[in-house]
Amino acid sequence: MLKTMTFQGFPGQQSAPGALDFPGGPQKLPFTSEAESEASMSEASSEDLVPPLEANEAPDRDGEEAAKKKKKKKSKGLANMLSVFTKARKKKSQPSSAETEGDSEAQSRPAGRLPTVEELKADLERGRLEAAGPLLALERELQAAVAAGGVSEEELLRRQSKVEALYVLLRDQVLGLLRRPLEAAPERLRQALAVLAEQEREDRAAAAAGPGPSALAATRPRRWLQLWRRGVAQVAEERLGQRPAAAAEGRTEAERAFLHMGRTMKEDLEAVVERLKPLFPAEFAVVAAYAQSYHAHFAAQLADLAQFELSERDTYVLLLWVQNLYPNDIINSPKLAGELQGVRLGSLLSSKQIRLLEATFLSNEVASVKELMARALELESQRWTQDVAPQRLDGHCHSELAIDVIQIISQGQAKAENITLDLGTQIKHMLLVELAAFLRSYQRAFDEFLERCKQLRNYRANVIANINNCLSFRMFVDQKWQMPQDLPSHLLSPLNELKTHGVDTLLQNLFGVLKPLFKRFTQTRWTAPAQTLEEIISAVGERLPEFSELQDCFRKELMEVVHLHLVKEYIIRLSKRRLVLKTAEQQQQLAGHILANAELIQRFCAQNGSPATWLHRALPTLAEIIRLQDPSAIKIEVATYATWYPDFSKGHLSAILAIKGNLSNSAVRSIRSILDINTGAREPSKSLFSLIKGCVELGSARAWNGRQNWRRKKGKMSSHLGPGKGPVGSHGKLGAELASEPLQLSPWPFSASPRASPEDGSRRGKDLLGFLGLRLPPHGDRPRGASAGPALQVRLRSGQGKLDL
């Protein structure tokens, strides 16, 4: 990005000539040429303009010549005064003998006598501005002669022409000095300004008096002050129109022109304030005159440039000068701000031109930012697919993509704010749209990489590097850009998706290792789940070093995902286990196991940085629901649980209540109905039970249906197999139905031993017959060697459809 320009110049660049220091002599101002002045003055003698003197007042010519010889001296001239004011210039040579002679003649002139035309002409040619007073006196004598009469009109016009010819010489001397004021000695500059001020007063007096005598041509107002201001405008045009010196490489021609004009204008105006303002009369408004002239030429140059089709860089530089550098670094600079406060210079361009340029700049800048970000993403994607390992920075995998994109957007924002803060606000919203579009493209490219490049050696390292990128983008949006609260969440949603997909990819192998371990909860006794859970925790701990190159915040988020997975899988296995615990003691034992496992999971995850405190109540509260026996207390616990986990549904509750085999149907319905009450809980910001909805509903439906079916079958058996209703073996259909039921008749309901002893079989047979209201025949009535328990057990498991007694 173009750096902010200053007026200090660049290496190898020659500074502009000194302020208001112009080569060459003064430009002749049009009025009457010197040739005409010479011709006019040669036609008349001094007596034509000077009234005749008395005889006794006539000077002695011989005496004058003697005085001239005695008083001839060489003066030092104006060189010393000029060298004092402009130290860098060399002293001028001594004045000529003719100038010395002129000085002597002026000193020898009798007091009260006006000089002749030839004498005034000689004085003016020598640059003697003291001749302005006698010249004004001659002009007034001429006006008096007209008023007195007695002189022909032709003679009056001839005399007037001589006076005007002398005024041409005086005007050129005065305006020549004022055209290059810094080259003149201060005293001589004051003389020229005094003459100019006197002529302005005469112009105002003539205007107030009305038209002069008809015999003379109208010569006032002479408007020398306007001529001086016109000369100032020409000076500004010459100074600003000079060809800029060679600048550093990389700058366009327009940039060099802007820099030259801005630096020249600032330096020249500062010189006017410091060196000319103390000498000029206040009514001349010298600072305003120069400022307006320089401003007008600067504005004209920029207006002409704005008519052409500019490049993106020149459009930006033009707006930067018009809206920022010119008003702030020049007009409001420390040395000029106070002096130009009352000078209404205005803007360098019209408001319409500025709006058009701003619209062009915004369009160009947004398109440039979009293109640069797309190019950065393309280069980064190529590094992924080419299996280039990411950089390591402070022990973390690092990618330059986030830094590149942030710099691109920040530079676009800064360029607009350098022009005006309002333009920076306009482009901010446009850049936000482009950033959101870029992040979506970034997410799509990353997802494609996750799907297609799993076999690459640096696959996991690049996944980690891209997850770490999310931190830089998040900090950039949150800290550097002040936005409404709802906007960052919408803007950062692609980043959240990218991070989630990356973390899931990193954990995929770990969760695959844990899956068979969790299955043991449903395949083995629940009396020994602690050993299985310890194996799960150990497996997780062994894999955690693989994620050490994540940024700390993302490593904690990954550990939260692991924490959630452990709790979720534990609940799934608990719900899938087809347990029916009929006694309070059994339920309390299971609750104790769940509490111990919950403590182990929570302690391990917290030690490894999991911030998921919201999961701490998940398992202990379920254990409390299983432990409680009072339906009212269970209701309170369920209602509280639903406020913590709003996604806890009736299906999840049914799966837990199915474990409590001692609850009546009415009690279960009453407890389930508590979830119909609106507790005011909102949608959960983090999901737990919604992630296990399908598994829990399947498990709870099976448990609930098994419970209800068994109760229905119990009623049917009581009606068909009452005492004295015939042999049990005749009910083959009933035997088949019983064979399909998950009967839990042992005192320890968690599971049956894989190999039951004969005594267990005998006991279970007695329990079943007692439940059916039957009795075993006496031992002597049985066939020899028969055992009722094992036979009953085998027949029920084989599903043969009858009871072999």
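Residues numbered from 1 in each chain as written. Predicted model: local features only at pLDDT ≥ 70, side-chain atom pairs only at ≥ 80, totals over all residues. Heavy atoms only, no water.

**Student:** Describe the overall build of the chain, naming the residues involved and giving the relevant values.
**Tutor:** A tally of helices and strands in the chain yields 29 helices and two strands. Each of the 805 residues in the chain was classed as buried or not, and the buried ones make up 45%. Considering only contacts within the chain whose residues lie at least 6 apart along the sequence, 80% involve residues at least 24 apart. Accessible area for the chain stands at about 41,400 Å²; split by element, carbon and sulfur atoms hold 50% of it. (Helix = DSSP H or I, 4+ residues; strand = E, 2+ residues; numbered from the N terminus. Buried < 20%, exposed > 50% of the residue type's maximum accessible area, 1.4 Å probe, protein only. Contact = heavy atoms within 4.5 Å. Areas by Shrake-Rupley, 256 points an atom, 1.4 Å probe, with all protein chains shown as cover.)

**Student:** Could you give me a rundown of the environment of Y645, with the residues and numbers involved?
**Tutor:** Note that Y645 resides in the loop between α23 (631-644) and α24 (650-657). Along the backbone, Y645 and L688 are 43 residues apart, and their C-alpha atoms lie at a distance of 7.4 Å. Sequence-distant contacts of Y645, that is, excluding residues within four places in its chain, are made with W614, L615, H616, R617, A618, L688 and F689. A polar contact is formed between the side chain of Y645 and the backbone oxygen of W614, at a distance of 2.6 Å. (Polar contact = N/O pair within 3.5 Å; in protein donor to acceptor, adjacent residues only side chain to side chain.)

**Student:** I'd like to hear about the nonpolar core, residue by residue, with values.
**Tutor:** By size, the foremost hydrophobic cluster in this structure holds 188 residues, and its most contacted members are L170, L178, W228, F438 and L566. Once residues within four sequence positions are removed from consideration, W228 is found in contact with L175, L178, L196, F280, F284, V286, A289 and Y290. Residues L142, A145, V146 and L216 belong to the second largest nonpolar core, which totals five residues. (Core = buried A, V, L, I, M, F, W, Y, C linked by side-chain atoms within 4.5 Å.)

**Student:** So what about the confidence of the model for the chain? Which residues, and what values?
**Tutor:** Confidence in the prediction for the chain averages 76 pLDDT; 68% of positions are at 70 or higher. This stretch, residues 1-19, has a pLDDT under 50; its non-local contacts, to residues over four places away or in other chains, come to 43 contacts. Across residues 21-102, confidence stays below pLDDT 50; counting only partners more than four residues off in sequence or on other chains, it has 109 contacts. (pLDDT = per-residue confidence, 0-100.)

**Student:** Which residues make up the packing of aromatic side chains, and what values do they have?
**Tutor:** Tallied over the entire structure, the rule returns 20 aromatic pairs. Here the aromatic rings of W228 and F284 are separated by 6.0 Å at their centres, their planes lie at 35°, and the arrangement is tilted. In this pair, W228 is assigned in helix α9 (residues 224-240) and F284 in the loop between α10 (253-276) and α11 (286-306), connecting sequence segments 56 residues apart. A relative accessible area of 3% means that W228 is categorised as buried. Look at F438 and Y442: their rings are 6.1 Å apart centre to centre, the planes differ by 20°, and that puts the pair in the stacked class. (Phe/Tyr/Trp six-rings, centres within 6.5 Å; stacked < 30°, edge-to-face > 60°.)

**Student:** An account of the pattern of salt bridges is needed here, citing residue identities and associated values.
**Tutor:** Applying the stated criterion to the full structure yields 36 salt bridges. The closest approach of N and O atoms between E339 and K277, which form a salt bridge, is 2.5 Å. Note that E339 is positioned in helix α13 (residues 337-340) and K277 in the loop between α10 and α11, a separation of 62 residues in sequence. The class for K277 is partly exposed, based on a relative accessible area of 37%. The shortest N-O distance in the salt bridge between D552 and R555 comes to 2.6 Å. In this pair, D552 and R555 both sit in helix α20 (residues 552-576), three residues apart, roughly one turn of the helix. The partly exposed category is assigned to R555, whose relative accessible area is 29%. Put simply, E139, E164, D203, R220 and R222 are held in one network by salt bridges that share partners. (Salt bridge = Lys/Arg side-chain N within 4 Å of Asp/Glu carboxyl O.)

**Student:** Tell me about the packing of helix α14 (residues 351-385) against helix α15 (residues 401-419), and name the residues and values.
**Tutor:** With their axes 9 Å apart at the nearest point, α14 and α15 run at an angle of 170° to one another. In this view, α14 runs roughly antiparallel relative to α15, as classed from their interaxial angle. Packed against α14, whose contacting residues are F361, E365, V369, L372, M373, A376, L377 and E380, the element α15 presents L401, D404, V405, I408, I409, G412, K415, A416 and I419 at the interface. (Axes fitted to C-alpha atoms, helices over the stretch in contact; angles between N-to-C directions. Parallel < 35°, antiparallel > 145°, perpendicular 65-115°, else oblique.)

**Student:** Account for helix α6 (residues 132-148), with residues named and values stated.
**Tutor:** Counted at 1.5 Å a residue, the expected span for α6 with its 17 residues is 24 Å, and the 24 Å between its end C-alpha atoms agrees. All buried positions along α6 are accounted for by A132, L135, L136, L138, E139, L142, A145 and V146. Packing partners of the buried residues in α6 comprise α5 (117-125), α7 (153-179) and α8 (186-209). The positive-phi residue at the C-terminal boundary of α6 is G149, with phi of around 80°. (Expected span 1.5 Å × (residues − 1).)

**Student:** Break down unusual backbone geometry for me, with residues and values.
**Tutor:** What is expected of a backbone is that most residues other than glycine have negative phi and most peptide bonds are trans. Following R220, the chain continues to P221 via a peptide bond in cis, the omega torsion being 5°. By secondary structure assignment, the location of P221 is in the loop between α8 and α9. Here the phi dihedral of R223 falls at roughly 60°; this positive angle occurs in a residue that is not glycine. The topology assignment puts R223 in the loop between α8 and α9. The exposure class assigned to R223 is partly exposed, which follows from its relative accessible area of 42%. Even without glycine at this site, D394 takes up a positive phi of about 55°.

**Student:** Describe the packing of α9 against α11, naming the residues involved and giving the relevant values.
**Tutor:** Where α9 meets α11, the axes come as close as 9 Å, and the angle between the chain directions of the two elements is 45°. With respect to α11, the element α9 is oriented oblique. The two elements α9 and α11 cross, and the hand of that crossing is right-handed. Of the residues in α11, those touching α9 at W228, R229, V232, A233, V235, A236, E237, R239 and L240 are V286, A289, Y290, S293, Y294, H297 and F298. (Left-handed = near helix turned anticlockwise from the far one by under 90°.)

**Student:** I'd like a description of the environment of Y294, backed by residues and values.
**Tutor:** Note on placement: Y294 falls in helix α11. For the pair Y294 and V232, spaced 62 residues apart in sequence, the C-alpha to C-alpha distance is 8.8 Å.

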